[in-house]
Amino acid sequence: MKKLKSLFGSLFDRERLQAWRARAQPAWALVRTYGARLYKYGRIGAREAWIVLQRLPIASLSFARALASPDYAEDLRALHADQFSTPGVGSPRKPAVTPPPPAKAAELEKAPPDSALLLLSLLQKEGRFIDFMQEDVASYTDEDIGAAARVVHQGCARVLREHLHIAPVRTESEGAQVTLEPGFNPTEVRPTGQVVGEPPFTGSLVHRGWRATDIQLPKIATSHDLHILAAAEVEL
Amino acid sequence: MNKPRFAIGIDLGTTHCALAYVESEHCDGEQVEHRQMLIPQLTAPGSVEERPVLPSFIYLPHQDEFKPGDLSLPWPSDPGRIAGTLARNQGTTTPVRLVSSAKSWLCHPDVDRKQAILPPEVPRDVPRMSPFDASVHYLAHLRDAWNGQHPYDPLEEQEVTVTVPASFDPAARELTAEAASAVGIKNLVLLEEPQAALYSWVNDSRGDWRQQVKVGDILLVVDVGGGTTDLSLIAVTEDAGALELTRVAVGEHILLGGDNMDLTLAHLVKQKLKADGIELDRWQVQALTHGCRQAKEALLVDSDLEQVPVVVPSRGAKLIGRSIRTELTREEVEQTLIEGFFPDCEISARPAVRERGALTKVGLPFAQDPGITRHLAAFLSRQADATGDLEGFVEQAHWASFLHPTAVLFNGGVFNAPVLRERVMSVVNQWLGAEDAPPARLLNARDLDLAVACGAAFFAHVRGHGGVRIRGGTSHSYYVGIECAAPAIPGMEPELQALCLVPFGLEEGSDPVQPPQEFGLVVGEPVRFRFFGSSVRREDQPGDLLEEWSSDEFDELEDIQTNLPADHRQQGEVVPVRLQAAVSEVGNLELTAIPLTGQPAEWKVSFNTRSSGER
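With that out of the way, let us pick up the pairing of strand 16 (residues 324-329) of chain B. Residues and elements named next belong to chain B. Residues Ile324, Thr326 and Leu328 of strand 16 are buried on one face, while the alternating residues Arg325, Glu327 and Thr329, pointing to the opposite face, are not. Bridge count between strand 15 (residues 307-312) and strand 16: six bridges; the pairing is antiparallel. Bridge pairing in strand 16 places Val312 opposite Ile324.

Here is the structure:
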């Protein structure tokens, strides 16, 4: 009895399904046309939104910075209201306090003297560098100078080893043929001689160059006077 | 409580301190990665640099010597005490204010180690500090350096292992543990330095050590540091199918190291210059020693070099013309170092002992014979039957006149020179060859300078997380001296008996031992016992009473003493007590007196770290 009922039920289902399918056919065609259209414009919209969204960080940063910094806000105002092409140039910033800086070709940064003094004092302490340089070598024999040079070389080499990691710029051996591809970094490699035409240039490596890969200078107490490169010594 | 994140090993050396650590979470089985902490320290007035080691020197500056700000460190510090590179450099020109070799003073039996005695022999107004304070200062420097770099995992909360020489006596170990607890370290363990070197070798092999040694091997660890030579023998045994390491013997405390070698070379060059009519002052000798060290390293590492120039720079600004140039040749270095410090000797050779002058000033008991191989011969002969009572161990041939090592592990910067390693190997193999034993193998260590700190960090890690351990326990058996009741005879000292209190190899954390003998102690009066140690008497059990012994078996250590408080008891009352000994988890020996009558109590018996002059 139960078996029969379930058989009947499934038959009934199949009939209903067929009826449903007949009715759904036109609706399905409608969904497909509109779906394709929706997909097409949706994709275009998403791409545009993505392009815009990529600017979101800089937009929010500018927003936040403009709120926080009056100078920056002034730059932006100049950019939008006065149509200056470069922010910060030409916008008279606080004219009463500072005159507008003249536009410079390039900013030349002045290196702070501290690290130079510090390195000099290290070279003097370990390698007697200043003692050596301050002497007039003309009156000494090469033997005397050679003996002193050993002290200087040993000590200064130790300073370089401990405080600077120095590696050659080019790993090829000197004399090897090297090719400079277009867009090479002229700070790293300097072409000399027949510099004509367009890169790639090919030539022989004359000097491998040096690069400081790491600098570890001692930390200095704020009260310490770095201008004293070596203290005078008084034996009591 | 959370498990500490780091396992830290501190090498508290005679000339250098170093700290290595293991981050326990990042370790997997036998892949234990250790790292070295860079230690910020003053390298010049006003300049702080990070270096891998902290030279163990303290400089006590004059109040006008430096500007106060020039001595500041990255943490609040005492400007009256400078530790590290600046201290060492400053000490070359002003030695009266330099505290050095504090660790050697820490185990000096003739001084009070908590009294301000360093630097020795100084003018009156120079401040001084005690050897104990010096150790505390180095540890505090390391702690502050660590806490600056790991503010959320302070050193006090981590698992810390501090290394001590294997030859440290119980009193010096206790002082080291006390210094560590003075800087707040809570989870402390002490570890012998040669063991730390072996742990470092085990860790570097990443489990491969099981292929490199086999049951029955006897590993000789030769650790020659800047100021001390430390020898240990470690046997490879088996327990339930797994290899085990057991430390079977340690050498005596020998104050002899790499610094002696540099001084010897400087002395040699000084004599050479003197023959040319050039006299050097103290500063120049220091500079010469420095130059000789560099020349030595260059010559010993590069076998093609025949000679290296040594230049003593002028002290004034006139560098050219006033500097003194001389040379150190390969022959001189090999002759002086190899023949002087590693002489080719028989196994029967013994270190020479000179009679000390009657009125010696109190100074460090430096080794009188520089021949490290002779010290080694004496050590191996003395320990001829060290493996006799090891279970399942290949027995030594009965005719062997010394313990035959089968492998050698070197440690200490001195052995960076391959020539010196080869020399020791050839001397040892020659001894072995003479007794028809196979030659010993060389175990290759990776870093001879920093191995102790790395091994200590590894040990701190495996203690908490499981892994290979070196068994050992106490390296000596200990005795108290008991005077016999006998009628006094003029001119004769009363006869002394030795009661065994601590057996050889009593392990950390094992049950305390108690000889059955009773002692009558007087309440309210300090009581002292004479205290002895022996590194060769392995069979004595607690309670054994010895009437006779040969003098080279026993070393007299400082007295031990106890003071029974008078609470609940009458002053002057005689209380029967038993002495009890245990080795704490930290690794130091603890003696207690337990009264047999009245209320149960425990009274600490302390090692006498004060001068033993008033015995």
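Further remarks concern a nonpolar patch on the surface. All names here are of chain A. Judged by side-chain polarity, Trp50, Leu53 and Leu56 come together as a nonpolar surface patch covering roughly 340 Å² of accessible area. You can see Trp50 is positioned in helix 1 (residues 2-54). Using a relative accessible area of 54% as the deciding quantity, one classes Trp50 as exposed.

Taken together, the three strands give an open sheet; going across it, the order is 5(A)-5(B)-4(B), and neighbouring strands pair in antiparallel fashion. The sheet terminates laterally at strand 5 (219-220) of chain A together with strand 4 (39-44) of chain B, the two strands that pair on one side only. When strand 5 of chain A meets strand 5 (residues 47-51) of chain B, the two strands line up antiparallel, connected through two bridges. Each bridged residue has a counterpart across the sheet, and for Lys219(A) the counterpart in strand 5 of chain B is Val48(B). Its contacts with the sheet put helix 1 (residues 85-93) of chain B on strand 4 and strand 5 of chain B, and the angle it makes with strand 4 of chain B is roughly 30°. Taken strand by strand, helix 3 (residues 131-149) of chain B contacts strand 4 and strand 5 of chain B, and its axis lies near 115° from that of strand 4 of chain B.

Okay, helix 10 (residues 372-382) of chain B next. With nine of its 11 residues buried, helix 10 of chain B lies for the most part within the structure. In this fold, the buried residues of helix 10 of chain B make contact with strand 12 (218-224), strand 13 (229-239), strand 14 (242-250), helix 7 (258-275), helix 9 (330-341) and helix 11 (418-434) of chain B.

Residues and elements named next belong to chain B. The strand order across the open sheet built from nine strands is 22-26-27-28-25-23-20-21-24, with neighbouring strands paired in antiparallel fashion. Edge positions in the sheet fall to strand 22 (519-522) and strand 24 (545-546), since each has one partner strand and no second. Pairing geometry for strand 20 (residues 477-483) and strand 21 (residues 496-502), over six bridges, is antiparallel. Note on strand 21: the bridge partner recorded for Ile482 is Gln497. Of the strands in this sheet, strand 20, strand 23 (526-534), strand 25 (555-563), strand 27 (589-595) and strand 28 (603-607) touch helix 4 (residues 170-182), which is tilted by about 105° from strand 28.

Inspection of the entire model under this criterion finds 13 aromatic pairs over all chains. For the ring pair Phe410(B) and Phe415(B), a centre distance of 4.5 Å and an interplane angle of 40° mean the geometry is tilted. For the pair formed by Phe410(B) and Phe415(B), the shared burial category is buried. By way of ring pairs, the aromatic residues Phe6(B), Tyr21(B) and Trp146(B) are connected into one cluster. A cation sits over an aromatic face here: Arg23(A) above Trp20(A), 5.2 Å from the ring centre. Directly above the aromatic system of Phe504(B) lies the positively charged group of Arg538(B), at a separation of 4.5 Å from the ring centroid.

Residues and elements named next belong to chain B. Per the counting criterion, the structure on display carries three cavities of 30 Å³ or more. Along the walls of the largest cavity sit 13 residues, with Leu12, Gly13, Lys103, Leu106 and Ser135 positioned nearest its centre. For the lining of the largest cavity, the secondary structure elements donating two or more residues are helix 2 (102-106), helix 3 and strand 10 (159-164). Among the elements that take part in the lining of the largest cavity, helix 2 stands out by supplying three residues, more than any other. Here the residues of the lining of the largest cavity sort into seven nonpolar, five polar and one charged. Approximately 50 Å³ is the volume attributed to the second largest cavity. Lining of the second largest cavity is provided by Ala197, Ser200, Trp201, Asp204, Leu409, Phe410, Asn411, Ala445, Arg446, Asp447 and Ala451. Secondary structure elements with two or more residues in the lining of the second largest cavity: helix 5 (193-204) and strand 17 (407-411). No other element matches helix 5, which puts four residues into the lining of the second largest cavity. A breakdown of the residues in the lining of the second largest cavity according to their chemical character gives six nonpolar, two polar and three charged.

Looking at chain A, the domain boundaries give domain 1 (2-54) and domain 2 (112-168 + 210-216). The straight-line distance from the C-alpha centre of domain 1 of chain A to that of domain 2 of chain A is 82 Å.

As a further point, take the packing of helix 5 of chain B against helix 12 (residues 451-465) of chain B. Packed helices, taken two at a time, are described by the angle their axes make and the gap between the axes. Residue and element names in this part refer to chain B. One way to put it is that helix 5 packs onto helix 12 with a least axis distance of 7 Å and a crossing angle of 75°. With respect to each other, helix 5 and helix 12 are oriented roughly perpendicular. Facing helix 5, whose interface residues are Glu193, Ala196, Tyr199, Ser200, Val202 and Asn203, helix 12 presents Ala451, Val452, Cys454, Gly455, Ala456, Phe458 and Phe459. Here the residues of the contact of helix 5 with helix 12 sort into nine nonpolar, three polar and one charged.

Thresholds applied
- Residues numbered from 1 in each chain as written.
- Chains lettered and ligands numbered in written order.
- Predicted model: local features only at pLDDT ≥ 70, side-chain atom pairs only at ≥ 80, totals over all residues.
- Heavy atoms only, no water.
- Buried < 20%, exposed > 50% of the residue type's maximum accessible area, 1.4 Å probe, protein only.
- Helix = DSSP H or I, 4+ residues; strand = E, 2+ residues; numbered from the N terminus.
- Pairing = 2+ DSSP bridges.
- Patch = residues over 30% accessible without salt bridge, like charges linked within 9 Å, V, L, I, M, F, W, Y side chains within 5 Å.
- Areas by Shrake-Rupley, 256 points an atom, 1.4 Å probe, with all protein chains shown as cover.
- Salt bridge = Lys/Arg side-chain N within 4 Å of Asp/Glu carboxyl O.
- Contact = heavy atoms within 4.5 Å.
- Axes fitted to C-alpha atoms, helices over the stretch in contact; angles between N-to-C directions.
- Phe/Tyr/Trp six-rings, centres within 6.5 Å; stacked < 30°, edge-to-face > 60°.
- Lys NZ or Arg CZ within 6 Å of the ring centre and 35° of its normal.
- 1 Å grid on protein atoms, 1.4 Å probe; cavity = no way out; pocket = protein on both sides within 12 Å on 5 of 7 lines; lining within 4 Å.
- Points joined across faces, edges and corners; volume = space filled by probe spheres on them.
- Nonpolar A, V, L, I, M, F, W, Y, C, P; charged D, E, K, R; others polar.
- Domains from an automatic or database assignment.
- Parallel < 35°, antiparallel > 145°, perpendicular 65-115°, else oblique.

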